[in-house]
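# Structural description and commentary
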Amino acid sequence: HTYLGVMYYFGNGTTKDYSAAIKWWKLAASQGDASAQLNIGLMHYRGEGVSKNYEAAIQWLFLAADQGNPHAQTMMGQMYYNGEAVSKDFNTAFKWYKNAASNGDSTAQNMLGIMYSEGEGVTKDYSSAVKWYELAAEQREAYASYNLSNMYNRGMGAIRDYKKAYLWMSIAAS
């Protein structure tokens, strides 16, 4: 069911049809498929084929995130970080980002770096920020490469190193 939803969503082998995609994903989601739950949540979040609805998005995303889907966990972190459909809550955002980051999600890793750099939901800790930025940058997360470059350029959380700053900025730019 999930794959049929993907085919309709992208128009692979059929006409692009968001309504049909949602129909197939809801069938899969009702059977506990986290990917389908994520996809429905993203469609509500973006307003694709349905009205933009953060409340519906977070309900679907939670189902997938609770099953360990890293992308859904990152989206949950984002929604709490930005206060979308929920009150802005850095502690809860941090929890979701940490779960996703531990599962290798580079966007969540970058966000943990930001949260440590800014002291949002955690004690400000530049060394921890560098650690998370590095993990994300090694996966070619452009924002993390940029952030890591700034940390090396300023000597925050790492020894000031202009060569590493240049390297990571070059990677971010590419």
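Data block above holds the structure.
The rules we used
Residues numbered from 1 in each chain as written. Predicted model: local features only at pLDDT ≥ 70, side-chain atom pairs only at ≥ 80, totals over all residues. Heavy atoms only, no water. Buried < 20%, exposed > 50% of the residue type's maximum accessible area, 1.4 Å probe, protein only. Helix = DSSP H or I, 4+ residues; strand = E, 2+ residues; numbered from the N terminus. Arc of directions from axis to C-beta. Contact = heavy atoms within 4.5 Å. 1 Å grid on protein atoms, 1.4 Å probe; cavity = no way out; pocket = protein on both sides within 12 Å on 5 of 7 lines; lining within 4 Å. Points joined across faces, edges and corners; volume = space filled by probe spheres on them. Expected span 1.5 Å × (residues − 1). Polar contact = N/O pair within 3.5 Å; in protein donor to acceptor, adjacent residues only side chain to side chain. Core = buried A, V, L, I, M, F, W, Y, C linked by side-chain atoms within 4.5 Å. Axes fitted to C-alpha atoms, helices over the stretch in contact; angles between N-to-C directions. Parallel < 35°, antiparallel > 145°, perpendicular 65-115°, else oblique. Left-handed = near helix turned anticlockwise from the far one by under 90°. Nonpolar A, V, L, I, M, F, W, Y, C, P; charged D, E, K, R; others polar.

### What to know about helix α1 (residues 2–10)
Looking at α1, one finds that the buried residues are T2, G5 and Y9. Axial view of α1: buried residues confined to an arc of 55°, hence all on one face. Here the buried face of α1 lies against α2 (18–30) and α3 (34–46). Backbone geometry just downstream of α1 places G11 in the positive-phi region, at approximately 75°.

### So, the layout of surface pockets
Its boundaries defined by the atoms lining it, the largest pocket holds a volume of some 150 Å³. Together, I114, S117, E118, Y126, Y133, Y146, N147, N150, M151, R154 and M156 line the largest pocket. Taken together, the elements giving at least two residues each to the lining of the largest pocket come down to α7 (106–118), α8 (126–137) and α9 (142–154).

### Some thoughts on the environment of H1
As for its placement among the helices and strands, H1 is situated in the segment before α1. For H1 and A65, which are 64 residues apart along the polypeptide, the C-alpha to C-alpha distance reads 20 Å. Those residues in contact with H1 that lie beyond four places of it in its chain are W24, W25, L27, A28 and Q31.

### What about helix α4 (residues 54–66)?
Under the 1.5 Å per step criterion, the end-to-end length of α4 is 17 Å for 13 residues, consistent within 8% with the ideal 18 Å. Taken as a whole, α4 has its buried residues at A56, A57, I58, L61, A64 and A65. With a side-chain oxygen positioned 3.0 Å from the backbone nitrogen of E55, the residue opening α4 is N53. Positive backbone phi, at 100°, marks G68, one or two positions downstream of α4.

### Comments concerning the nonpolar core
Counting 41 residues, the largest nonpolar core has L61, M76, Y80, Y97 and L148 as the members making the most contacts within it. Aside from chain neighbours lying at most four places away, what touches L148 is V130, Y133, E134, A137 and W168. Membership of the second largest hydrophobic core comes to 9 residues, among which are I22, A28, A29 and M43.

### Comments concerning the side chain of S128
Residue placement: S128 occurs in helix α8. With a relative accessible area of 18%, S128 lands in the buried category. Side-chain polar atoms of S128 contact the side chain of D125, separated by 2.8 Å.

### With respect to the packing of helix α6 (residues 90–102) against α7
Packing of α6 against α7 leaves a shortest axis separation of 8 Å and a crossing angle of 140°. In terms of orientation, α6 lies oblique with respect to α7. As for how α6 packs across α7, the hand of that crossing is left-handed. Across from F90, A93, F94, Y97, K98, A100 and A101 in α6, the residues of α7 making contact are A108, Q109, M111, L112, M115 and Y116. For the contact of α6 with α7, the per-class residue count stands at 11 nonpolar, 1 polar and 1 charged.

### Structural notes on the packing of α9 against helix α10 (residues 162–173)
The geometry of α9 relative to α10 is characterised by a closest axis approach of 8 Å and an angle of 160° between their N-to-C directions. In terms of orientation, α9 and α10 fall into the roughly antiparallel class. Regarding α9 and α10, the two cross each other, and that crossing is left-handed. Across the interface between the two elements, A142, S145, Y146, L148, S149, N150, Y152 and N153 from α9 touch Y162, K164, A165, W168, M169, I171 and A172 from α10. Class assignment of the residues belonging to the contact of α9 with α10 gives a composition of 10 nonpolar, 4 polar and 1 charged.

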